[in-house]
Amino acid sequence: GVFFPSIGSLLGKYLPLSESSFGLSLVCAGGPIGSLLAGSIGSVMVTYLGWRWVFVSFGCLAILWVLIWRQFFLHKKASGVDRLCLEKKFESIEKRTSKRASDTIVPWGKLIRQPGIWAIMVVHFCHNCMYLNLSSWLPTYFHESFPDAQNWIFNVIPYLGNLFGKVIGGHLADTLIRADFSLTFVRKLFETLGTGGAAFALLLAMYVNEFWQALFCMTLAFSMAGMSTSGSICNIQDLSPTFAGSIAGILGVYLTGYILHATGSWQVVFQITAVICSVGSLFYIMFGTTKRIA
């Protein structure tokens with residue numbers, strides 16, 4: 001819950017503008033990498049050991065990582081040379097920060113009145129409605145529509161596309177920024193590719209009949225969605241690096257369950273989700289900005 005708000009603020013303060021897109025994309029790439037491991041290894045475990053072992057195994061891995069982090073990173077003391085290098089590296093950055101975030105009052109009134117903030121909020125809601133829908137309901141969709149399909153295929157390939165979409169999108173965005181393209185143009189371009197591209201893929205998915213066609217559409221949707229990291233998600237750092245952060249929601253997951261219960265149609269789910277994505281993308285194009293607020 002606190003990961004994305006924290007990482008947005010940290011990267012916004014410590015990464016230069018020309019590296020912000022790729023830096024955030026690289027960090028966020030941990031999500032699809034985890035999904036890849038869970039989808040591939042988890043599918044095998046479900047087949048041979050049962051679903052309970054998936055929860056037990058990944059829960060134990062999480063506890064192990066916390067212990068490793070505490071032992072080797074959180075409490076590790078740098079040597080004199082390392083500490084001196086770190087101090088020199090971040091000294092100029094710290095000087096540019098007039099106040100520590102913990103000592104600064106969040107200007108809620110100023111932030112909430114900015115159209116750029118609302119543009120990010122709206123498109124972030126729409127994008128997460130789509131992404132969390134796909135992440136949560138993708139196995140159910142393939143099981144119901146293509147019962148003979150192998151679990152590992154649709155649990156791995158779409159997330160592999162999402163991984164490449166994030167990393168490639170981040171690299172391309174920073175390349176355009178270094179080439180003196182407008183920052184606002186770059187953010188809107190990759191948000192359009194991300195959220196709008198995913199909407200296009202979902203509309204295509206309404207007309208598929210074969211498993212490979214559905215897999216292509218879902219992989220395309222995940223791949224394009226990854227590029228959104230270099231759009232509105234990075235835009236939060238542009239507007240207010242000190243107070244940057246984002247929290248995803250789960251409303252869309254419930255909405256999909258309700259639609260399926262009422263209609264039993266995946267086509268309706270894809271259509272409504274595509275419309276939501278399109279609305280968010282258009283709203284961001286109209287009101288999105290990279291002008292610093294706070």
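All values derive from a computational prediction rather than experimental measurement.

**Details of the overall build of the chain**
And then number 1: Regarding its fold elements, the chain presents 13 helices and zero strands.
And then number 2: Start at the N end of the chain and walk to the C end: the helices and strands fall as α-α-α-α-α-α-α-α-α-α-α-α-α.
And then number 3: Of all 294 residues assigned to the chain, the portion counted as buried reaches 40%.
And then number 4: Restricting to contacts in the chain with at least 6 residues of sequence separation, those with at least 24 account for 83%.
And then number 5: If you sum the accessible surface of the chain, you get close to 16600 Å²; carbon and sulfur atoms cover 69% of it.

**Notes on the environment of Phe-22**
And then number 1: Take Phe-22: it is sitting in helix H2 (residues 17-28).
And then number 2: The spacing of Phe-22 and Gly-169 is 147 residues in sequence and 7.6 Å in space, taken between C-alpha atoms.
And then number 3: Non-local contacts of Phe-22, meaning those with residues more than four positions away in its chain, are made with Val-167, Gly-170, His-171 and Asp-174.

**So, the nonpolar core**
Across soluble globular proteins, nonpolar side chains have a tendency to be buried as a group.
And then number 1: If you look at the biggest cluster of nonpolar residues, it comprises 36 residues, and the most contacted ones within it are Met-130, Leu-134, Tyr-141, Phe-142, Leu-202, Met-218 and Phe-270.
And then number 2: It is helix H10 (residues 211-227) that contributes the most residues to this core, seven residues altogether.
And then number 3: When sequence neighbours within four positions are dropped, the list of residues in contact with Leu-202 reads Met-130, Leu-134, Met-218, Phe-270, Thr-273 and Ala-274.

**Section: the UniProt feature "transmembrane region" (unreviewed entry) in the chain**
And then number 1: UniProt's entry tags residues 21-45, 51-69, 117-136, 156-177, 213-236, 243-262 and 268-287 with the feature "transmembrane region" (unreviewed entry), counted in the numbering of this structure.
And then number 2: Between the first and last C-alpha atoms of residues 156-177 the distance is 32 Å; the span itself is 100% helix and 0% strand.

**With respect to the packing of aromatic side chains**
And then number 1: Within this structure, the stated rule accounts for 15 aromatic pairs.
And then number 2: Aromatic pair Phe-142 and Phe-154: ring centres 4.8 Å apart, planes at 10°, arrangement stacked. Linking Phe-142 in helix H7 (residues 115-145) with Phe-154 in helix H8 (residues 151-178), this pair joins segments that are twelve residues apart in sequence.
And then number 3: Three or more aromatic residues joined by ring pairs form one cluster here, namely Trp-137, Tyr-141, Phe-142, Phe-146, Phe-154, Phe-211, Trp-266 and Phe-270.

Rules and cut-offs
Along each chain, residue indices are assigned from 1 in the same order as the chain's sequence is written. Under the rules for a predicted model, residues below a pLDDT of 70 receive no local features and side-chain atom pairs below 80 are neither given nor counted, while totals for whole chains, interfaces and linings still include all residues. Water and hydrogen atoms were dropped before computing side-chain values, which therefore reflect all heavy atoms in the structure. A run of DSSP states H or I qualifies as a helix once it reaches four residues; a run of E qualifies as a strand once it reaches two. Both are numbered from the N-terminal end. Exposure classes here rest on a 1.4 Å probe applied to the protein chains alone. A residue is buried below 20% of its type maximum, exposed above 50%, and partly exposed in between. Note on contacts: a residue pair qualifies if any of its non-hydrogen atoms lie within 4.5 Å across the two residues. Shrake-Rupley sampling with a 1.4 Å probe provides the accessible areas, and residues are treated as covered by the protein chains on show and by no other component. Buried residues of nine kinds, namely Ala, Val, Leu, Ile, Met, Phe, Trp, Tyr and Cys, make up a nonpolar core once their side-chain atoms join them within 4.5 Å. UniProt positions are given in the numbering used here, feature names are shortened, and annotations may be inferred rather than shown by experiment. The rule is short: rings of Phe, Tyr and Trp, with Trp giving its six-membered ring, pair when the centres are within 6.5 Å, and they are stacked under 30 degrees, edge-to-face over 60, tilted in between.

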